[in-house]
Amino acid sequence: MSFITRRKSIDALAAVDAQHRLTPTLSWPHLVALGVGAIVGTGIYTLTGIGAGLAGPAVILSFAIAGAICACAALCYAEMATLIPASGSAYTYSYSVMGELVAWVVGWSLILEYTVVCSAVAVGWSAHVQPFLSGVGFPAQLMAGPHAGGVINLPAVFICFVVAGLLSAGTKESAVINMVLVAIKIVALAAFVAITLPTFDASHFTPFMPNGFSGQTNGTEKIGVMAAAALIFFAFYGFDAVSTAAEETKNPKRDLTIGIVGSMLACTAIYMLVAAVAIGASRAEVFSQSEAPLVFILETLGQPSVAKVVAAAAVIALPTVIMAFMYGQSRIFFVMARDGLLPRALASVNKKTGTPVVMTMLTGAIAAAIAGFFPLKEIAELANAGTLAAFIAVALSVIILRRREPNRPRVFKTPLWFIVAPAAILGCLYLFWSLPASTQVRFLIWNAIGVVVYLLYSRRASLLAKA
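Residue positions within a chain follow its written sequence, with the count starting from 1. Per-residue local features of the predicted model are confined to residues with pLDDT of at least 70, and side-chain atom pairs are confined, for both listing and counting, to 80 or more; whole-chain, interface and lining totals are unaffected and use all residues. Side-chain figures throughout are based on the complete set of non-hydrogen atoms in the structure, without hydrogens or water.

I'm lost on the overall build of the protein in this one. Help?
We count a stretch as a helix when DSSP gives it H or I for four or more residues in a row; a strand needs E for two or more, and each element gets its number in order from the N terminus. Of regular secondary structure, the protein possesses 19 helices and two strands. Computed over C-alpha atoms, the radius of gyration of the protein comes to 21 Å, within 12% of the 23 Å expected from 2.2 N^0.38 for 467 residues, which places it in the range of a compact globule. Dimensions of the protein, computed from the C-alpha atoms along their principal axes, are close to 65 × 45 × 40 Å. The buried label applies to any residue whose accessible area, calculated with a 1.4 Å probe on protein chains only, is under 20% of its type's maximum; exposed applies above 50%, and partly exposed to all values in between. Of all 467 residues assigned to the protein, the portion counted as buried reaches 59%. Two residues qualify as a contact provided that any one of their heavy atoms is within 4.5 Å of a heavy atom in the partner residue. Residue pairs in contact within the protein that sit at least 24 positions apart in sequence constitute 84% of those at least 6 positions apart. On the protein, roughly 16900 Å² of surface is accessible, and the fraction owed to carbon and sulfur atoms is 70%. Counting rule for charge: Lys and Arg are taken as positive, Asp and Glu as negative, and neither His nor the chain ends is counted. Each charge is placed at NZ for Lys, CZ for Arg, CG for Asp and CD for Glu. Averaging the locations of the 28 positively and 19 negatively charged side chains of the protein gives two centres separated by 9 Å. The size measure is the radius of gyration over C-alpha atoms, and the globule rule it meets is 2.2 Å times the number of residues to the 0.38 power. Each accessible area is a Shrake-Rupley result for a 1.4 Å probe, and residues are judged covered by the shown protein chains and nothing else.

I'm lost on the packing of helix α14 (residues 319–338) against helix α15 (residues 357–373) in this one. Help?
Helix packing geometry: the angle between the two helix axes and the distance between the axes. To obtain each axis, a line is fitted to C-alpha atoms, and for helices this fit is confined to the stretch in contact; angles are then taken between N-to-C directions over 0 to 180 degrees. Relative orientation of the contacting elements α14 and α15 amounts to 120°, with a least axis distance of 9 Å. Classified by the interaxial angle, the pair formed by α14 and α15 is oblique. Note on packing geometry: the crossing formed by α14 with α15 is right-handed. Here α14 contributes Met 326, Gln 329, Ser 330, Arg 331, Phe 333 and Phe 334 to the contact with α15, which in turn contributes Met 359, Thr 360, Thr 363, Gly 364, Ile 366 and Ala 367. Partitioning the contact of α14 with α15 into residue classes produces six nonpolar, five polar and one charged. Any angle that falls under 35 degrees is termed roughly parallel, while one over 145 is termed roughly antiparallel, one within 65 to 115 roughly perpendicular, and all others oblique. Here is the rule for handedness: rotate from the far helix to the near one, and if that takes an anticlockwise turn smaller than a right angle the crossing is left-handed, while a clockwise turn gives right-handed. In this classification, Asp, Glu, Lys and Arg are treated as charged, Ala, Val, Leu, Ile, Met, Phe, Trp, Tyr, Cys and Pro as nonpolar, and every other residue, Gly included, as polar.

Looking at this structure, how should I read the packing of helix α3 (residues 59–83) against helix α4 (residues 89–97)?
Two numbers describe how α3 lies on α4: the axes approach to 10 Å, and their chain directions differ by 70°. As far as their axial angle goes, α4 and α3 are roughly perpendicular. For the pair α3 and α4, the crossing hand works out as left-handed. When α3 is examined against α4, the residues Tyr 77, Met 80 and Ala 81 are found in contact with a partner set consisting of Ser 89, Ala 90, Tyr 93 and Val 97. Of the residues in the contact of α3 with α4, the class split is six nonpolar, one polar and no charged.

I keep staring at the side chain of Gln 440 and nothing clicks. Help me out?
Mapped onto the fold, Gln 440 is located in helix α18 (residues 437–461). Beyond its immediate sequence surroundings of up to four residues, Gln 440 is in contact with Lys 222, Phe 432, Trp 433, Ser 434 and Leu 435.

Looking at this model, I keep getting lost on the pattern of salt bridges. Mind explaining?
Side-chain pairs of opposite charge can arise where the charged atoms are in close proximity. By convention in these notes, a salt bridge is any Lys or Arg side-chain nitrogen within 4 Å of a carboxyl oxygen on Asp or Glu. The tally for this structure, following the rule as stated, stands at six salt bridges. With a closest N to O distance of 2.9 Å, Glu 285 and Arg 283 form a salt bridge. Overall, the relative accessible area of 46% leaves Glu 285 in the partly exposed class. Residue class for Arg 283 comes out partly exposed when judged on its relative accessible area of 25%. Residues Glu 405 and Arg 408 are paired through a salt bridge, measuring 2.6 Å at the closest nitrogen-oxygen approach. Judged by relative accessible area, Glu 405 falls into the partly exposed class, the value being 23%. Assessed through its relative accessible area of 18%, Arg 408 is described here as buried. It is possible to trace a salt-bridge network through shared partners that takes in Glu 79, Arg 402 and Arg 410.

I'm lost on the packing of aromatic side chains in this one. Help?
For any pair of aromatic rings, geometry is given as the distance between the ring centres together with the angle between the planes. Aromatic pairing here means that ring centres of Phe, Tyr or Trp (its six-membered ring) are within 6.5 Å. Orientation follows from the plane angle: under 30 degrees is stacked, over 60 is edge-to-face, and everything else is tilted. Within the structure shown, the criterion is met by 11 aromatic pairs. Aromatic pair Tyr 91 and Tyr 95: ring centres 5.7 Å apart, planes at 65°, arrangement edge-to-face. Residue Tyr 91 and its partner Tyr 95 are both found in helix α4; the two are separated by four residues, about one turn of the helix. Residues Tyr 91 and Tyr 95 agree in their burial class; the two are buried. Between the aromatic rings of Phe 432 and Phe 443, the centroid separation amounts to 5.6 Å while the plane-to-plane angle is 65°, which identifies the pairing as edge-to-face. On the criterion of sequence distance, the pair formed by Phe 432 in helix α17 (residues 417–434) and Phe 443 in helix α18 is long-range, its members being 11 residues apart. Through successive ring pairs, a cluster of aromatic residues spans Trp 104, Trp 108, Trp 446 and Tyr 454.

Where do I start with α15 in this structure?
In an α-helix, one full turn covers 3.6 residues, which means residues spaced three or four apart are oriented alike. Working rule for helices: expected span equals 1.5 Å times residues minus one. For α15, with 17 residues, the first-to-last C-alpha span of 25 Å sits near the 24 Å given by 1.5 Å per residue. Those residues of α15 that sit buried are Met 359, Thr 360, Thr 363, Gly 364, Ala 367, Ala 368, Ala 371 and Gly 372. Summarising the contacts, the buried residues of α15 are in contact with α5 (100–135), α6 (154–169) and α14.

So what exactly am I meant to see when it comes to the state of the cysteines here?
Where two cysteines share a covalent bond between their sulfur atoms, that bond is called a disulfide. For the purposes of this analysis, a disulfide is any pair of cysteine sulfur atoms at a distance within 2.5 Å. Tallied over the entire structure, the rule returns zero disulfides. Here Cys 428 stays free of any disulfide, with the sulfur of Cys 70 as its closest cysteine sulfur at 7.2 Å. Judged by its relative accessible area of 0%, Cys 428 is buried.

I tried to follow the environment of Thr 206 on my own but got confused; where do I start?
The topology assignment puts Thr 206 in the loop between α7 (171–196) and β1 (216–217). With a relative accessible area of 55%, Thr 206 lands in the exposed category. For the pair Thr 206 and Leu 426, spaced 220 residues apart in sequence, the C-alpha to C-alpha distance is 31 Å.

Interpretation note: all reported values are geometric properties and have no functional meaning in isolation.
Structure representation (C-alpha coordinates):
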(Lines give C-alpha, C1' and ligand atoms only; values in the text may rest on other atoms or scores of the structure.)
Protein backbone atom coordinates (compact mmCIF):
# COMPACT_ATOMS: atom_id res chain seq x y z
CA MET A 1 0.00 0.00 0.00
CA SER A 2 3.01 2.33 -0.47
CA PHE A 3 1.03 4.32 -3.03
CA ILE A 4 -0.87 5.90 -0.12
CA THR A 5 2.21 7.52 1.39
CA ARG A 6 4.81 7.83 -1.39
CA ARG A 7 5.81 11.47 -1.70
CA LYS A 8 7.63 13.79 -4.07
CA SER A 9 10.77 15.32 -2.58
CA ILE A 10 10.46 19.07 -1.95
CA ASP A 11 14.09 19.56 -2.99
CA ALA A 12 13.61 17.58 -6.23
CA LEU A 13 10.51 19.47 -7.39
CA ALA A 14 12.62 21.91 -9.39
CA ALA A 15 14.22 19.09 -11.40
CA VAL A 16 11.80 19.03 -14.32
CA ASP A 17 13.03 18.26 -17.85
CA ALA A 18 12.90 21.10 -20.39
CA GLN A 19 10.17 19.43 -22.47
CA HIS A 20 7.73 19.56 -19.55
CA ARG A 21 8.86 22.82 -17.90
CA LEU A 22 6.79 26.02 -18.08
CA THR A 23 8.52 29.29 -19.04
CA PRO A 24 8.93 31.97 -16.28
CA THR A 25 7.55 35.26 -17.66
CA LEU A 26 5.49 36.80 -14.81
CA SER A 27 6.32 39.41 -12.14
CA TRP A 28 4.35 40.55 -9.07
CA PRO A 29 2.10 43.11 -10.87
CA HIS A 30 0.92 40.28 -13.15
CA LEU A 31 0.22 38.10 -10.09
CA VAL A 32 -1.71 40.79 -8.20
CA ALA A 33 -3.78 41.45 -11.32
CA LEU A 34 -4.33 37.71 -11.72
CA GLY A 35 -5.56 37.50 -8.12
CA VAL A 36 -7.79 40.58 -8.31
CA GLY A 37 -9.06 39.45 -11.70
CA ALA A 38 -10.02 36.09 -10.20
CA ILE A 39 -11.53 37.37 -6.94
CA VAL A 40 -13.47 40.44 -8.11
CA GLY A 41 -15.95 39.03 -10.57
CA THR A 42 -19.13 36.98 -10.47
CA GLY A 43 -19.18 37.24 -6.67
CA ILE A 44 -19.61 40.99 -6.69
CA TYR A 45 -21.58 41.37 -9.91
CA THR A 46 -23.96 38.44 -9.46
CA LEU A 47 -23.68 36.45 -6.22
CA THR A 48 -24.15 39.57 -4.06
CA GLY A 49 -27.84 39.37 -4.88
CA ILE A 50 -28.15 35.63 -4.24
CA GLY A 51 -26.33 36.00 -0.91
CA ALA A 52 -28.61 38.89 0.10
CA GLY A 53 -31.62 36.69 -0.61
CA LEU A 54 -30.29 34.11 1.89
CA ALA A 55 -29.05 36.44 4.65
CA GLY A 56 -30.71 39.82 4.11
CA PRO A 57 -28.55 42.86 5.05
CA ALA A 58 -26.42 40.49 7.15
CA VAL A 59 -24.86 39.39 3.85
CA ILE A 60 -22.17 41.91 4.82
CA LEU A 61 -21.42 39.68 7.81
CA SER A 62 -21.37 36.70 5.43
CA PHE A 63 -18.75 38.49 3.34
CA ALA A 64 -16.70 39.20 6.47
CA ILE A 65 -16.81 35.56 7.65
CA ALA A 66 -15.94 34.14 4.24
CA GLY A 67 -13.18 36.75 3.88
CA ALA A 68 -11.68 35.94 7.29
CA ILE A 69 -11.55 32.21 6.52
CA CYS A 70 -10.01 32.92 3.12
CA ALA A 71 -7.45 35.26 4.74
CA CYS A 72 -6.26 32.41 6.99
CA ALA A 73 -6.07 30.10 3.97
CA ALA A 74 -4.24 32.79 1.94
CA LEU A 75 -1.51 33.09 4.58
CA CYS A 76 -1.03 29.31 4.48
CA TYR A 77 -0.90 29.40 0.67
CA ALA A 78 1.74 32.14 0.78
CA GLU A 79 4.01 30.02 3.00
CA MET A 80 3.63 26.87 0.89
CA ALA A 81 3.93 28.67 -2.47
CA THR A 82 7.24 30.30 -1.52
CA LEU A 83 8.50 27.11 0.11
CA ILE A 84 7.58 24.98 -2.93
CA PRO A 85 7.71 27.35 -5.96
CA ALA A 86 6.44 24.75 -8.42
CA SER A 87 3.26 24.68 -10.47
CA GLY A 88 0.30 22.70 -9.15
CA SER A 89 -0.86 24.66 -6.09
CA ALA A 90 -2.51 22.56 -3.34
CA TYR A 91 -2.03 19.38 -5.38
CA THR A 92 1.76 19.79 -5.45
CA TYR A 93 1.96 20.75 -1.77
CA SER A 94 -0.10 17.70 -0.78
CA TYR A 95 2.03 15.42 -2.95
CA SER A 96 5.25 16.49 -1.23
CA VAL A 97 3.83 16.59 2.32
CA MET A 98 1.05 13.99 2.67
CA GLY A 99 1.58 11.57 -0.19
CA GLU A 100 0.19 10.55 -3.56
CA LEU A 101 -3.31 9.39 -2.61
CA VAL A 102 -4.13 12.61 -0.74
CA ALA A 103 -2.59 14.60 -3.60
CA TRP A 104 -4.82 12.80 -6.09
CA VAL A 105 -7.95 13.59 -4.07
CA VAL A 106 -6.89 17.24 -3.78
CA GLY A 107 -6.05 17.43 -7.49
CA TRP A 108 -9.35 15.79 -8.40
CA SER A 109 -11.15 18.33 -6.17
CA LEU A 110 -9.23 21.18 -7.83
CA ILE A 111 -10.33 19.92 -11.23
CA LEU A 112 -13.90 20.24 -9.94
CA GLU A 113 -13.24 23.67 -8.44
CA TYR A 114 -11.49 25.41 -11.30
CA THR A 115 -13.47 23.96 -14.18
CA VAL A 116 -16.79 24.59 -12.46
CA VAL A 117 -15.76 28.14 -11.51
CA CYS A 118 -15.04 28.88 -15.16
CA SER A 119 -18.52 27.61 -15.98
CA ALA A 120 -20.19 29.61 -13.20
CA VAL A 121 -18.54 32.86 -14.24
CA ALA A 122 -19.41 32.18 -17.87
CA VAL A 123 -23.08 31.89 -16.85
CA GLY A 124 -22.79 35.15 -14.88
CA TRP A 125 -21.19 36.85 -17.89
CA SER A 126 -24.00 35.56 -20.08
CA ALA A 127 -26.59 37.17 -17.76
CA HIS A 128 -24.95 40.56 -18.35
CA VAL A 129 -24.57 40.20 -22.12
CA GLN A 130 -28.10 38.90 -22.76
CA PRO A 131 -29.79 42.35 -22.80
CA PHE A 132 -27.42 43.40 -25.57
CA LEU A 133 -28.06 40.22 -27.55
CA SER A 134 -31.84 40.47 -27.07
CA GLY A 135 -31.71 43.95 -28.54
CA VAL A 136 -30.29 42.60 -31.80
CA GLY A 137 -32.77 39.70 -32.00
CA PHE A 138 -30.65 36.81 -30.70
CA PRO A 139 -32.96 33.81 -29.96
CA ALA A 140 -33.86 33.52 -26.25
CA GLN A 141 -33.72 29.70 -26.44
CA LEU A 142 -29.99 29.94 -27.18
CA MET A 143 -29.28 32.13 -24.14
CA ALA A 144 -30.52 29.76 -21.41
CA GLY A 145 -30.02 26.16 -20.40
CA PRO A 146 -32.78 23.54 -20.07
CA HIS A 147 -33.38 24.54 -16.41
CA ALA A 148 -34.63 27.95 -17.61
CA GLY A 149 -36.72 26.68 -20.52
CA GLY A 150 -34.01 27.16 -23.15
CA VAL A 151 -31.86 24.81 -25.20
CA ILE A 152 -28.29 25.94 -24.44
CA ASN A 153 -26.58 28.99 -22.95
CA LEU A 154 -24.61 29.79 -26.08
CA PRO A 155 -23.00 33.06 -24.85
CA ALA A 156 -21.53 31.15 -21.88
CA VAL A 157 -20.15 28.49 -24.21
CA PHE A 158 -18.71 31.16 -26.51
CA ILE A 159 -16.79 33.03 -23.79
CA CYS A 160 -15.23 29.80 -22.47
CA PHE A 161 -13.67 29.09 -25.85
CA VAL A 162 -12.56 32.71 -26.36
CA VAL A 163 -10.68 32.72 -23.06
CA ALA A 164 -9.13 29.31 -23.77
CA GLY A 165 -7.87 30.70 -27.07
CA LEU A 166 -6.32 33.75 -25.37
CA LEU A 167 -4.54 31.61 -22.77
CA SER A 168 -3.19 29.32 -25.48
CA ALA A 169 -1.58 32.31 -27.20
CA GLY A 170 0.94 32.81 -24.36
CA THR A 171 1.07 33.36 -20.60
CA LYS A 172 2.58 36.85 -20.58
CA GLU A 173 0.35 38.05 -23.41
CA SER A 174 -2.80 36.89 -21.65
CA ALA A 175 -1.53 38.37 -18.35
CA VAL A 176 -1.15 41.82 -19.95
CA ILE A 177 -4.69 41.62 -21.36
CA ASN A 178 -5.88 40.55 -17.91
CA MET A 179 -4.29 43.63 -16.27
CA VAL A 180 -6.09 45.99 -18.66
CA LEU A 181 -9.46 44.30 -18.11
CA VAL A 182 -9.01 44.32 -14.31
CA ALA A 183 -8.43 48.09 -14.44
CA ILE A 184 -11.72 48.52 -16.35
CA LYS A 185 -13.53 46.41 -13.76
CA ILE A 186 -12.22 48.44 -10.80
CA VAL A 187 -13.15 51.75 -12.46
CA ALA A 188 -16.70 50.50 -13.05
CA LEU A 189 -17.09 49.46 -9.40
CA ALA A 190 -15.75 52.83 -8.26
CA ALA A 191 -18.40 54.52 -10.43
CA PHE A 192 -21.11 52.33 -8.83
CA VAL A 193 -19.99 53.35 -5.33
CA ALA A 194 -19.76 57.05 -6.23
CA ILE A 195 -23.30 57.14 -7.65
CA THR A 196 -25.08 55.01 -5.03
CA LEU A 197 -23.39 56.42 -1.93
CA PRO A 198 -25.42 59.69 -1.88
CA THR A 199 -28.66 57.64 -1.78
CA PHE A 200 -27.53 55.57 1.24
CA ASP A 201 -30.46 54.74 3.53
CA ALA A 202 -29.56 53.18 6.88
CA SER A 203 -33.12 51.87 7.35
CA HIS A 204 -32.39 49.24 4.69
CA PHE A 205 -30.25 47.44 7.28
CA THR A 206 -33.26 46.74 9.54
CA PRO A 207 -33.96 43.94 10.27
CA PHE A 208 -30.29 43.12 9.94
CA MET A 209 -30.47 39.32 10.24
CA PRO A 210 -34.00 38.30 9.14
CA ASN A 211 -33.08 34.67 8.44
CA GLY A 212 -30.88 34.04 11.47
CA PHE A 213 -27.23 33.06 11.66
CA SER A 214 -27.05 29.32 11.00
CA GLY A 215 -29.11 26.17 10.75
CA GLN A 216 -32.36 27.69 9.44
CA THR A 217 -34.16 26.49 6.32
CA ASN A 218 -37.03 27.82 4.23
CA GLY A 219 -38.32 24.30 3.67
CA THR A 220 -36.17 23.54 0.63
CA GLU A 221 -32.72 25.04 1.31
CA LYS A 222 -30.51 26.37 4.09
CA ILE A 223 -30.78 30.11 4.75
CA GLY A 224 -29.10 32.60 7.05
CA VAL A 225 -25.68 34.19 7.40
CA MET A 226 -23.65 30.97 7.20
CA ALA A 227 -25.64 29.60 4.26
CA ALA A 228 -24.87 32.83 2.40
CA ALA A 229 -21.21 32.69 3.49
CA ALA A 230 -20.92 29.13 2.18
CA LEU A 231 -22.21 30.33 -1.19
CA ILE A 232 -20.41 33.67 -1.54
CA PHE A 233 -17.21 32.03 -0.35
CA PHE A 234 -17.07 31.44 -4.11
CA ALA A 235 -16.63 35.21 -4.43
CA PHE A 236 -13.43 35.31 -2.39
CA TYR A 237 -11.19 32.58 -3.59
CA GLY A 238 -9.00 33.20 -6.54
CA PHE A 239 -5.77 33.91 -4.73
CA ASP A 240 -5.08 30.17 -5.00
CA ALA A 241 -4.97 30.62 -8.77
CA VAL A 242 -1.92 32.84 -8.15
CA SER A 243 -0.10 29.90 -6.54
CA THR A 244 -0.52 27.85 -9.72
CA ALA A 245 1.70 30.43 -11.45
CA ALA A 246 4.70 29.65 -9.22
CA GLU A 247 6.68 27.91 -11.96
CA GLU A 248 6.05 30.77 -14.40
CA THR A 249 7.09 33.51 -11.96
CA LYS A 250 10.48 35.20 -12.40
CA ASN A 251 11.11 35.74 -8.67
CA PRO A 252 8.68 33.37 -6.91
CA LYS A 253 10.13 33.75 -3.40
CA ARG A 254 9.19 37.44 -3.34
CA ASP A 255 6.45 37.89 -5.92
CA LEU A 256 4.16 35.02 -4.84
CA THR A 257 3.70 36.47 -1.34
CA ILE A 258 2.87 39.89 -2.79
CA GLY A 259 0.47 38.37 -5.31
CA ILE A 260 -1.43 36.12 -2.89
CA VAL A 261 -1.68 38.34 0.20
CA GLY A 262 -1.92 41.63 -1.70
CA SER A 263 -4.78 40.57 -3.95
CA MET A 264 -6.69 39.08 -1.00
CA LEU A 265 -6.46 42.26 1.12
CA ALA A 266 -7.43 44.52 -1.78
CA CYS A 267 -10.43 42.44 -2.75
CA THR A 268 -11.79 42.09 0.79
CA ALA A 269 -11.94 45.89 1.06
CA ILE A 270 -13.64 46.18 -2.34
CA TYR A 271 -16.30 43.57 -1.48
CA MET A 272 -17.22 45.06 1.88
CA LEU A 273 -17.57 48.55 0.41
CA VAL A 274 -19.67 47.55 -2.60
CA ALA A 275 -21.97 45.29 -0.55
CA ALA A 276 -22.59 48.06 2.00
CA VAL A 277 -23.51 50.75 -0.54
CA ALA A 278 -25.66 48.27 -2.50
CA ILE A 279 -27.81 47.53 0.55
CA GLY A 280 -27.88 51.23 1.43
CA ALA A 281 -29.24 52.02 -2.03
CA SER A 282 -31.83 49.21 -2.28
CA ARG A 283 -33.42 46.75 0.12
CA ALA A 284 -31.80 43.30 0.03
CA GLU A 285 -35.06 41.46 -0.66
CA VAL A 286 -35.59 43.62 -3.75
CA PHE A 287 -32.24 43.47 -5.57
CA SER A 288 -31.72 39.82 -4.57
CA GLN A 289 -34.28 38.89 -7.23
CA SER A 290 -32.01 40.11 -10.04
CA GLU A 291 -29.26 38.10 -11.73
CA ALA A 292 -27.36 41.38 -12.27
CA PRO A 293 -27.99 43.19 -8.95
CA LEU A 294 -25.61 46.14 -9.38
CA VAL A 295 -27.08 46.99 -12.76
CA PHE A 296 -30.60 46.59 -11.31
CA ILE A 297 -29.84 49.00 -8.44
CA LEU A 298 -28.56 51.68 -10.80
CA GLU A 299 -31.65 51.34 -13.01
CA THR A 300 -33.99 51.71 -10.01
CA LEU A 301 -32.08 54.86 -9.01
CA GLY A 302 -32.84 56.40 -12.39
CA GLN A 303 -29.34 55.97 -13.76
CA PRO A 304 -29.93 53.87 -16.89
CA SER A 305 -26.91 55.23 -18.74
CA VAL A 306 -24.54 54.43 -15.86
CA ALA A 307 -26.21 51.02 -15.49
CA LYS A 308 -25.34 50.32 -19.11
CA VAL A 309 -21.74 51.35 -18.48
CA VAL A 310 -21.47 49.03 -15.45
CA ALA A 311 -23.10 46.21 -17.41
CA ALA A 312 -20.70 46.84 -20.30
CA ALA A 313 -17.76 46.78 -17.88
CA ALA A 314 -19.00 43.45 -16.52
CA VAL A 315 -19.28 42.09 -20.05
CA ILE A 316 -15.73 43.23 -20.79
CA ALA A 317 -14.11 42.41 -17.45
CA LEU A 318 -15.83 39.26 -16.09
CA PRO A 319 -13.79 37.12 -18.50
CA THR A 320 -10.74 37.99 -16.34
CA VAL A 321 -12.17 35.62 -13.73
CA ILE A 322 -12.59 32.87 -16.31
CA MET A 323 -9.07 33.60 -17.51
CA ALA A 324 -7.56 33.28 -14.03
CA PHE A 325 -9.33 30.04 -13.16
CA MET A 326 -8.94 28.45 -16.57
CA TYR A 327 -5.25 29.29 -16.32
CA GLY A 328 -5.14 27.58 -12.91
CA GLN A 329 -7.11 24.55 -14.08
CA SER A 330 -4.96 23.97 -17.15
CA ARG A 331 -1.86 24.05 -14.90
CA ILE A 332 -3.36 21.57 -12.43
CA PHE A 333 -4.25 19.25 -15.32
CA PHE A 334 -0.76 19.80 -16.74
CA VAL A 335 1.15 18.98 -13.55
CA MET A 336 -0.97 15.88 -12.81
CA ALA A 337 -0.21 14.67 -16.33
CA ARG A 338 3.48 15.51 -15.88
CA ASP A 339 3.50 13.35 -12.74
CA GLY A 340 1.91 10.49 -14.67
CA LEU A 341 -1.40 10.54 -12.77
CA LEU A 342 -3.05 11.57 -16.05
CA PRO A 343 -1.78 10.53 -19.51
CA ARG A 344 1.72 12.01 -19.99
CA ALA A 345 0.92 13.03 -23.55
CA LEU A 346 -1.30 15.78 -22.11
CA ALA A 347 1.71 17.41 -20.41
CA SER A 348 3.30 18.71 -23.59
CA VAL A 349 4.27 22.40 -23.78
CA ASN A 350 3.91 24.28 -27.05
CA LYS A 351 7.42 25.38 -28.13
CA LYS A 352 6.20 28.64 -29.65
CA THR A 353 3.91 29.91 -26.87
CA GLY A 354 5.43 28.09 -23.88
CA THR A 355 1.93 27.05 -22.73
CA PRO A 356 0.14 23.68 -22.39
CA VAL A 357 -2.19 24.31 -25.34
CA VAL A 358 -3.83 20.85 -25.33
CA MET A 359 -4.77 21.04 -21.64
CA THR A 360 -5.96 24.64 -21.97
CA MET A 361 -8.34 23.87 -24.83
CA LEU A 362 -9.56 20.70 -23.07
CA THR A 363 -10.34 22.79 -19.97
CA GLY A 364 -12.22 25.30 -22.14
CA ALA A 365 -14.30 22.55 -23.72
CA ILE A 366 -15.30 21.01 -20.37
CA ALA A 367 -16.15 24.41 -18.86
CA ALA A 368 -18.22 25.29 -21.93
CA ALA A 369 -20.21 22.05 -21.66
CA ILE A 370 -21.11 22.71 -18.00
CA ALA A 371 -21.88 26.40 -18.57
CA GLY A 372 -24.18 25.63 -21.47
CA PHE A 373 -26.62 23.49 -19.50
CA PHE A 374 -26.50 24.20 -15.72
CA PRO A 375 -27.73 27.13 -13.50
CA LEU A 376 -25.32 29.48 -11.70
CA LYS A 377 -26.31 28.68 -8.10
CA GLU A 378 -25.76 24.92 -8.40
CA ILE A 379 -22.47 25.42 -10.22
CA ALA A 380 -21.15 27.87 -7.58
CA GLU A 381 -22.05 25.61 -4.66
CA LEU A 382 -20.33 22.61 -6.25
CA ALA A 383 -17.21 24.68 -6.95
CA ASN A 384 -17.08 25.74 -3.30
CA ALA A 385 -16.92 22.14 -2.09
CA GLY A 386 -13.80 21.44 -4.16
CA THR A 387 -12.14 24.65 -2.99
CA LEU A 388 -12.78 23.94 0.67
CA ALA A 389 -11.05 20.56 0.31
CA ALA A 390 -8.00 22.23 -1.26
CA PHE A 391 -7.82 24.92 1.43
CA ILE A 392 -7.94 22.29 4.19
CA ALA A 393 -5.11 20.36 2.49
CA VAL A 394 -2.88 23.45 2.30
CA ALA A 395 -3.46 24.37 5.95
CA LEU A 396 -2.72 20.76 6.95
CA SER A 397 0.48 20.88 4.89
CA VAL A 398 1.65 23.94 6.83
CA ILE A 399 1.02 22.21 10.17
CA ILE A 400 2.70 18.95 9.16
CA LEU A 401 5.81 20.63 7.70
CA ARG A 402 6.17 22.93 10.70
CA ARG A 403 6.30 19.79 12.86
CA ARG A 404 8.30 17.57 10.49
CA GLU A 405 10.84 20.12 9.23
CA PRO A 406 10.81 23.11 11.60
CA ASN A 407 14.27 24.26 10.47
CA ARG A 408 13.61 24.27 6.72
CA PRO A 409 14.21 27.84 5.42
CA ARG A 410 10.96 29.72 4.82
CA VAL A 411 10.87 32.98 2.85
CA PHE A 412 7.38 33.75 4.15
CA LYS A 413 6.13 32.39 7.45
CA THR A 414 2.43 32.21 8.29
CA PRO A 415 2.07 34.42 11.39
CA LEU A 416 0.77 32.52 14.45
CA TRP A 417 0.59 29.39 12.29
CA PHE A 418 -0.60 27.29 15.23
CA ILE A 419 -3.74 29.48 15.30
CA VAL A 420 -4.14 30.54 11.65
CA ALA A 421 -3.80 27.10 10.05
CA PRO A 422 -6.27 25.33 12.41
CA ALA A 423 -8.65 28.30 12.03
CA ALA A 424 -8.56 27.85 8.26
CA ILE A 425 -9.32 24.12 8.62
CA LEU A 426 -12.18 24.58 11.10
CA GLY A 427 -13.64 27.48 9.13
CA CYS A 428 -13.59 25.47 5.89
CA LEU A 429 -15.23 22.49 7.60
CA TYR A 430 -17.96 24.78 8.96
CA LEU A 431 -18.57 26.26 5.52
CA PHE A 432 -18.73 22.77 4.01
CA TRP A 433 -21.32 21.78 6.61
CA SER A 434 -23.29 24.92 5.67
CA LEU A 435 -23.50 23.90 2.00
CA PRO A 436 -26.72 22.26 0.77
CA ALA A 437 -26.87 18.52 1.44
CA SER A 438 -27.24 17.84 -2.29
CA THR A 439 -23.96 19.65 -2.96
CA GLN A 440 -22.18 17.66 -0.26
CA VAL A 441 -23.44 14.40 -1.78
CA ARG A 442 -22.37 15.41 -5.30
CA PHE A 443 -18.92 16.31 -4.02
CA LEU A 444 -18.53 12.92 -2.32
CA ILE A 445 -19.74 11.14 -5.47
CA TRP A 446 -17.23 13.10 -7.56
CA ASN A 447 -14.37 12.06 -5.28
CA ALA A 448 -15.57 8.44 -5.14
CA ILE A 449 -15.32 8.40 -8.94
CA GLY A 450 -11.86 9.96 -8.62
CA VAL A 451 -10.62 7.26 -6.24
CA VAL A 452 -11.82 4.58 -8.67
CA VAL A 453 -9.94 6.29 -11.53
CA TYR A 454 -6.82 6.47 -9.36
CA LEU A 455 -6.93 2.82 -8.36
CA LEU A 456 -7.58 1.59 -11.89
CA TYR A 457 -5.10 3.83 -13.75
CA SER A 458 -3.11 6.50 -11.92
CA ARG A 459 -1.75 4.29 -9.13
CA ARG A 460 0.26 2.27 -11.68
CA ALA A 461 0.92 5.02 -14.25
CA SER A 462 2.42 7.41 -11.69
CA LEU A 463 6.09 8.27 -12.26
CA LEU A 464 6.78 7.48 -8.61
CA ALA A 465 5.23 4.04 -9.11
CA LYS A 466 7.44 3.36 -12.13
CA ALA A 467 10.49 4.62 -10.27
